[in-house]
Amino acid sequence: MARFGLLAAVVAGTGFCWQVQAQQVAVRYIDYPQTRGAQQEFQLKGIPKWVSFDMYLRGRTEYQSSDNYISGNGQTYELTRAYGGMEVRPTKFLTGYIQFIDTHALGLPLKYVAANQRDVFDDRQAYLEFHTKEVKVFAGRQELKYGGERLVGISDWTNNSRTWDGFLARIGDNNRLDLFSTSVVAVHASSLDKHGAGLTFHGAVGTIGTWVPHMVIQPFVYFKSFPGETSQQAIKGSDLFVTSGAEVAGQFPMGLDFDAMGALQRGNYVNDTVKGAAGYVKAGWNFKKRTWKPRFRGEYDYASGNNRKDLNRVGTFDQQYPSNHNAFGLTDLFGFQNIKQERMNLDLIPSQRLALLFQQEWLQMATPFDSIYSGSAGVVVKAPVTGLLSSDIGREFDAAGKYLITNAVVVNAGVGHFSPGTVMRENTHGAPLTIAYFSLTYRFKLDHKGTAPTPAP
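The rules behind each value
- Residues numbered from 1 in each chain as written.
- Predicted model: local features only at pLDDT ≥ 70, side-chain atom pairs only at ≥ 80, totals over all residues.
- Heavy atoms only, no water.
- Helix = DSSP H or I, 4+ residues; strand = E, 2+ residues; numbered from the N terminus.
- Rg over C-alpha atoms; globule rule 2.2 N^0.38 Å.
- Contact = heavy atoms within 4.5 Å.
- Areas by Shrake-Rupley, 256 points an atom, 1.4 Å probe, with all protein chains shown as cover.
- Lys, Arg positive; Asp, Glu negative; His and termini not counted.
- Charge placed at Lys NZ, Arg CZ, Asp CG, Glu CD.
- Buried < 20%, exposed > 50% of the residue type's maximum accessible area, 1.4 Å probe, protein only.
- Polar contact = N/O pair within 3.5 Å; in protein donor to acceptor, adjacent residues only side chain to side chain.
- Salt bridge = Lys/Arg side-chain N within 4 Å of Asp/Glu carboxyl O.
- Pairing = 2+ DSSP bridges.
- Core = buried A, V, L, I, M, F, W, Y, C linked by side-chain atoms within 4.5 Å.
- Patch = residues over 30% accessible without salt bridge, like charges linked within 9 Å, V, L, I, M, F, W, Y side chains within 5 Å.
- Phe/Tyr/Trp six-rings, centres within 6.5 Å; stacked < 30°, edge-to-face > 60°.
- Lys NZ or Arg CZ within 6 Å of the ring centre and 35° of its normal.

As a further point, take the overall build of the chain. Along its length, the chain carries one helix and 23 strands. Relative to the compact-globule value of 23 Å for 457 residues, the chain shows a C-alpha radius of gyration of 22 Å, a close match. Expressed along its principal axes, the backbone C-alpha trace of the chain runs to roughly 70 × 50 × 50 Å. Considering only residue pairs separated by 6 or more positions, the chain has 63% of its internal contacts joining residues 24 or more positions apart. Total accessible area on the chain is roughly 19600 Å²; 62% of this is exposed by carbon and sulfur atoms. The distance from the centre of the 46 positive side-chain charges to the centre of the 40 negative ones in the chain is 5 Å.

Structure below.
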């Protein structure tokens, strides 16, 4: 059952996993369908003891009824993804890892192919790990994942998941400190992926896993800076966003669980002052002894927008580098900027191999004087200087499920329907959208015969 609760899907009622992995932080949330679970193990005598190989294969068929907000523009396509990795362990204190990526959007017209859907055979990860009992240092191209990944995550649901180039130091284990200096890797579909000039994203993340019973606390501070920006007064220069806050998650014996995050953002956008904020709170009750183990959960999300009361202030929260899938519904239309959400979830587990999720979201703008933003921080509806006439973005209903054919072969299926609100309908984005998907995931690993199998993450 533990493996079941960690596989890729919209998982229901299985709680949190506190296990620490080399390239990630411990807290796991069931709302985001991350790819976890068992790798099928193959062992061969011909493979040296100091090397192992892994493969990740995923295919997902998607249908969108009104792609790009165009009524009647139904698109059916196949998203394919292949990862292949090799790990070498030349000494007790050194590990190297390299991984390729190859992704395609088959059947989707090129003009609708998003930047996160296609990357033709490229380097996804390539790092060295130096480790002792209490300290690990990673240098190279790697993943960064913290907490619920609402600020920093790899966005695993998208066909091209995110990585960074740079350095990460991890000190400690269940109670630890992460320090990193990196730059996000930009995907180029037909050429080598690379980051921009210099290291632009830095952070410090603490994890307190044993001090408070049944809880994990994760304080953080992130620094994000870019040159070549243009302020509200059309002045060119650089920006600096400093995002500080904490995330707290807990699970208690009576079936109550919660997680909450709060973040304040300060800095400068060229000559303008940055003052933003964001956060969420989720609370649920799990009836583990009931048939199908129902779990009810409520959620509220908020990210500030720019109200334009002060022309020298930028109030739009910068969402950093989140994993936004299902943050605001399965249709993935919106990002963590200038938005408010109320959501209710019902999770069910009819059997050990089947999990179901049903959820309803209500979405509004934090302020009508700012724009509506997509999951990639692009502008969906641009607000005029006088502001939009409504803050009602719309509502959405979703249903999703996951079935384990084996521990290493996972089926995901779901459907989401977004009903546009007043502000969408009045700004040429009034087409209702239904998205449906069906995916199959398989992972395996090759080791030297006699090597102990690696525990499932």
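Turning to the side chain of Glu361, a few remarks are in order. Position of Glu361 among the secondary structure elements: in strand S18 (residues 354-364). The class for Glu361 is buried, based on a relative accessible area of 0%. Engagement of the side chain of Glu361 in a polar contact is seen with the side chain of Arg343, the distance being 3.5 Å. Apart from residues lying up to four places away in sequence, Glu361 is in contact with Asn326, Gly329, Gln341, Glu342, Arg343, Gly394, Arg395, Glu396, Phe397 and Asp398.

As enumerated under the stated definition, the model contains 17 salt bridges in all. As a salt-bridge pair, Arg60 and Glu62 come within 2.8 Å of each other at their nearest N and O atoms. A salt bridge links Glu299 to Arg150; the nearest nitrogen and oxygen atoms lie 3.9 Å apart. Placement of the pair is Glu299 in strand S15 (residues 295-303) and Arg150 in the loop between strand S6 (135-142) and strand S7 (164-172), with a sequence separation of 149 residues. Since its relative accessible area comes to 8%, Glu299 is described here as buried. Taken together, the salt bridges that share partners define one network made up of Arg150, Glu299, Asp301, Arg343 and Glu361.

The pairing of strand S10 (residues 201-208) with strand S11 (residues 215-230) spans six bridges and is classified as antiparallel. In the strand pairing of S11, Gly203 is matched with Tyr222. With antiparallel pairing between neighbouring strands as the criterion, S10 and S11 make up a hairpin whose turn holds six residues, including His214 at a positive phi of roughly 65 degrees. Inspection of the sheet shows S11 paired to strand S12 (residues 236-251) by 14 bridges, in the antiparallel sense. Each bridged residue has a counterpart across the sheet, and for Val216 the counterpart in S12 is Ala249. Counting the residues that bridge the hairpin from S11 to S12 gives five residues, and of these Ala234 lies at a positive phi of roughly 65 degrees.

A separate point is the nonpolar core. Within the largest apolar cluster, 40 residues are counted, with the highest numbers of intra-cluster contacts made by Leu151, Tyr222, Phe334, Phe336, Ile372, Ile393 and Met424. Every element with two or more residues in this core is listed here: S7, strand S8 (175-186), S10, S11, strand S13 (256-269), strand S14 (272-286), strand S20 (379-381) and helix H1 (422-425). With sequence-adjacent residues up to four places away left out, Leu151 is seen in contact with Phe220, Tyr222, Thr243, Met261, Ala263, Phe317, Gln319, Gln320, Tyr321, Pro322 and Phe336. Residues Leu79, Ala105, Leu108 and Tyr112 belong to the second largest nonpolar core, which totals six residues.

Take the environment of Ile435 next. The topology assignment puts Ile435 in strand S23 (residues 433-448). Residue class for Ile435 comes out buried when judged on its relative accessible area of 8%. Sequence separation between Ile435 and Ser65 is 370 residues; the distance between their C-alpha atoms is 6.5 Å. If near-sequence neighbours (up to four positions away) are discounted, Ile435 is found in contact with Glu62, Tyr63, Gln64, Leu330, Thr331, Gly414, Val415 and Gly416.

Here Ser52 shows up in strand S2 (residues 51-64). Among the residues examined, Ser52 registers a relative accessible area of 2% and is labelled buried. Once you skip the residues sitting within four places of it in the chain, Ser52 turns out to touch Gly85, Met86, Glu87, Arg89, Lys445, Leu446 and Asp447.

Now for a nonpolar patch on the surface. A cluster of nonpolar side chains, namely Leu128, Phe130, Val135, Val137, Ile171, Leu177 and Leu179, defines an oily patch on the protein surface of about 510 Å² accessible area. When contributions to the nonpolar patch are tallied by element, the ones reaching two or more residues are strand S5 (119-131), S6 and S8. Mapped onto the secondary structure, Ile171 falls in strand S7. Take Ile171: its relative accessible area is 39%, and that puts it in the partly exposed class.

Examined bridge by bridge, S2 and strand S3 (residues 75-91) share 14 bridges and lie antiparallel to one another. In the sheet register, Arg58 faces S3, and the bridge partner there is Arg81. Pairing between S2 and S23: twelve bridges, direction antiparallel. Note that in S23 the partner of Thr61 across the bridge is Phe438.

Evaluation of the coordinates by the stated rule reveals 20 aromatic pairs. Summarising the aromatic geometry, the rings of Phe180 and Tyr222 are spaced 6.2 Å apart at their centres and angled 35 degrees between planes, so their arrangement reads as tilted. Of this pair, Phe180 sits in strand S8 while Tyr222 is found in strand S11, placing the two residues 42 residues apart along the sequence. Just as Phe180 is buried, Tyr222 falls in that class too. Ring pairing ties together the aromatic residues Tyr146, Trp164, Phe180, Phe201, Phe220, Tyr222 and Tyr321, which thus form one cluster. We note Arg60 situated over the ring of Trp157; from NZ or CZ to the ring centre the distance is 4.1 Å. Taking NZ or CZ as reference, Arg150 lies 4.5 Å from the ring centre of Phe336, over its face.

In this section: unusual backbone geometry. Glycine aside, residues mostly have negative phi, and peptide bonds are mostly found in the trans state. The phi dihedral of Trp292 falls on the positive side, at around 70 degrees, and the residue is not glycine. In the Ramachandran plot, Arg308 falls in the positive-phi region, its phi being about 60 degrees despite a non-glycine side chain. Mapped onto the secondary structure, Arg308 falls in the loop between S15 and strand S16 (313-314). Its relative accessible area of 27% is what places Arg308 among the partly exposed residues.

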